[in-house]
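Structural features, examined
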Amino acid sequence: MARIVTVAAMLILLMACNGRKQSIPAADIVVTEHERAADDSLLNEIFLSLNDITENLNTIKIRENLIASGYSRAEVPMEPTAGIKADIAAIDELLAENRRTIERLHINAEQLRKSNYQVASLEKLLSSLADQIAVKDSEIDDLKEELRIKAEQVETLAGTVEQLSTELDAVAREKGELTDSLHTAYYIVGTVRDLQKKGIINKSGFIGRTLVVSEQRELDDFVRIDTRTFDEVIIGQKNVELVTTHPEGSYVFVMGDRNVYQSLVITDKQRFWGRSKVLVLCYK
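The notes below deal with the structure included here.

Criteria and thresholds
Residues numbered from 1 in each chain as written. Predicted model: local features only at pLDDT ≥ 70, side-chain atom pairs only at ≥ 80, totals over all residues. Heavy atoms only, no water. Helix = DSSP H or I, 4+ residues; strand = E, 2+ residues; numbered from the N terminus. Buried < 20%, exposed > 50% of the residue type's maximum accessible area, 1.4 Å probe, protein only. Contact = heavy atoms within 4.5 Å. Areas by Shrake-Rupley, 256 points an atom, 1.4 Å probe, with all protein chains shown as cover. Pairing = 2+ DSSP bridges. Axes fitted to C-alpha atoms, helices over the stretch in contact; angles between N-to-C directions. Phe/Tyr/Trp six-rings, centres within 6.5 Å; stacked < 30°, edge-to-face > 60°. Core = buried A, V, L, I, M, F, W, Y, C linked by side-chain atoms within 4.5 Å.

1. Examining the overall build of the protein
The secondary structure content of the protein amounts to six helices and nine strands. Counting only residues that meet the buried cut, the protein has 33% of its 284 residues in that class. In the protein, the share of contacts with a sequence separation of at least 24, taken over all contacts with a separation of at least 6, comes to 69%. Put simply, the protein shows about 18000 Å² of open surface, and 52% of that area lies on carbon and sulfur atoms.

Right, dumping it as structure tokens:
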């Protein structure tokens, strides 16, 4: 493109030297010099405008490469979308600027024609530049449509991700609740009379000497605990009986002075709670 502009500039320069009539009346020499100065200024403006167009086209190419790079990083880009929009907007502005420059150059060409310059080469170049801009406009329209489609894909993907995230949160909550439930246990310490009155234990066996946990018991009066962190039940009573069934060796009673049961310490949590998630201790 730069070569095309240079050649065109040379052609215009030749036109400036050879395009006029060579015979100039002496009486018109002052006016002619004034006109030539105006024409030279106009030619300089044309050269600068053509260079501006060339630089804009080079910048557009760079922007297009950036857009292509943004798309190649991911099939459906997430973060690069804003940058791609900015590049497309910049290209739009550069193309609009080129169109304005070409319109101005057409006016300049008409002025040169009135000064007897041959401007066919310039007009041919301007036509070629206009065609290039039209092609770029079409390419940018395609990019905009592609960006719109990808934006819809991103929006759809974002909705899918949000839905999956919500489902994963629900699964995580359910898992947490299930885990908590698996590690939830209950215990109660009380007198035989109180526990019987509450329907927690019953007497059975020969003359009612064996205490058992009632199948119709309610857990409202129990203390709820997490078996992963719970280690010890404080008792502080004499004549204590462990009503619920737990494996031997999974717990120990800690005795204090005067045969007082200070506490029950769980030494093997998994075995202790393996048979029952309910612990009942009673005393007389």
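From this point, the narrative continues.
2. Remarks on unusual backbone geometry
Positive phi, close to 60 degrees, is recorded for R258, a residue that is not glycine. By secondary structure assignment, the location of R258 is in the loop between β7 (251-255) and β8 (261-266). A residue is classified by how much of its surface remains accessible, and R258, at 72% relative accessible area, is exposed. For N259, which is not glycine, the phi dihedral falls at a positive 60 degrees.

3. Thoughts on the sheet that holds β7
Strand pairing in a sheet relies on backbone hydrogen bonds, with the paired strands running either antiparallel or parallel. What the three strands build is an open sheet, ordered β5-β8-β7; its pairing is antiparallel. One side of each edge strand has no neighbouring strand; the edge strands of this open sheet are β5 (232-237) and β7. Averaged over all adjacent pairs, the angle separating strand axes in this sheet is 20 degrees, with direction ignored.

4. What about the packing of aromatic side chains?
Inspection of the entire model under this criterion finds five aromatic pairs. For the ring pair F253 and Y261, a centre distance of 5.1 Å and an interplane angle of 80 degrees mean the geometry is edge-to-face. Geometrically, the ring pair formed by F272 and W273 is edge-to-face, given 4.9 Å between the ring centres and 85 degrees between the ring planes. Each of the two residues, F272 as well as W273, counts as buried. A network of ring pairs unites the aromatic residues Y251, F253, Y261, F272 and W273 as a single cluster.

5. Concerning the nonpolar core
Counting residues in hydrophobic clusters, the biggest one holds 27 residues, and the most contacted among them are I46, L50, I88, L112, L126 and L129. Elements with a contribution of two residues or more to this core: α2 (29-72), α3 (81-114) and α4 (120-182). In terms of residue count, α3 provides more of this core than any other element does, nine residues in total.

6. Structural notes on the sheet that holds strand β4 (residues 223-226)
Here we have four strands laid out as an open sheet, ordered β4-β1-β9-β6, and mixed in their pairing. Every other strand in the sheet has two partners, leaving β4 and β6 (240-242) as the edge strands with one partner each. Across the sheet, the axes of successive neighbouring strands diverge by a mean angle of 25 degrees, strand direction being ignored. Of the pairings in the sheet, the one linking strand β1 (residues 184-191) to strand β9 (residues 278-283) comprises six bridges and is parallel in character.

7. Structural notes on the environment of K85
Mapping K85 onto the fold places it in helix α3. For the pair K85 and K144, spaced 59 residues apart in sequence, the C-alpha to C-alpha distance is 8.3 Å.

8. Brief notes about the environment of F272
One can find F272 in helix α6 (residues 269-272). The class for F272 is buried, based on a relative accessible area of 0%. C-alpha separation for the pair F272 and G249, spaced 23 residues apart in sequence, amounts to 8.6 Å. Residues in contact with F272, not counting those within four places in the same chain, are H246, P247, S250, Y251, L264, I266 and L279.

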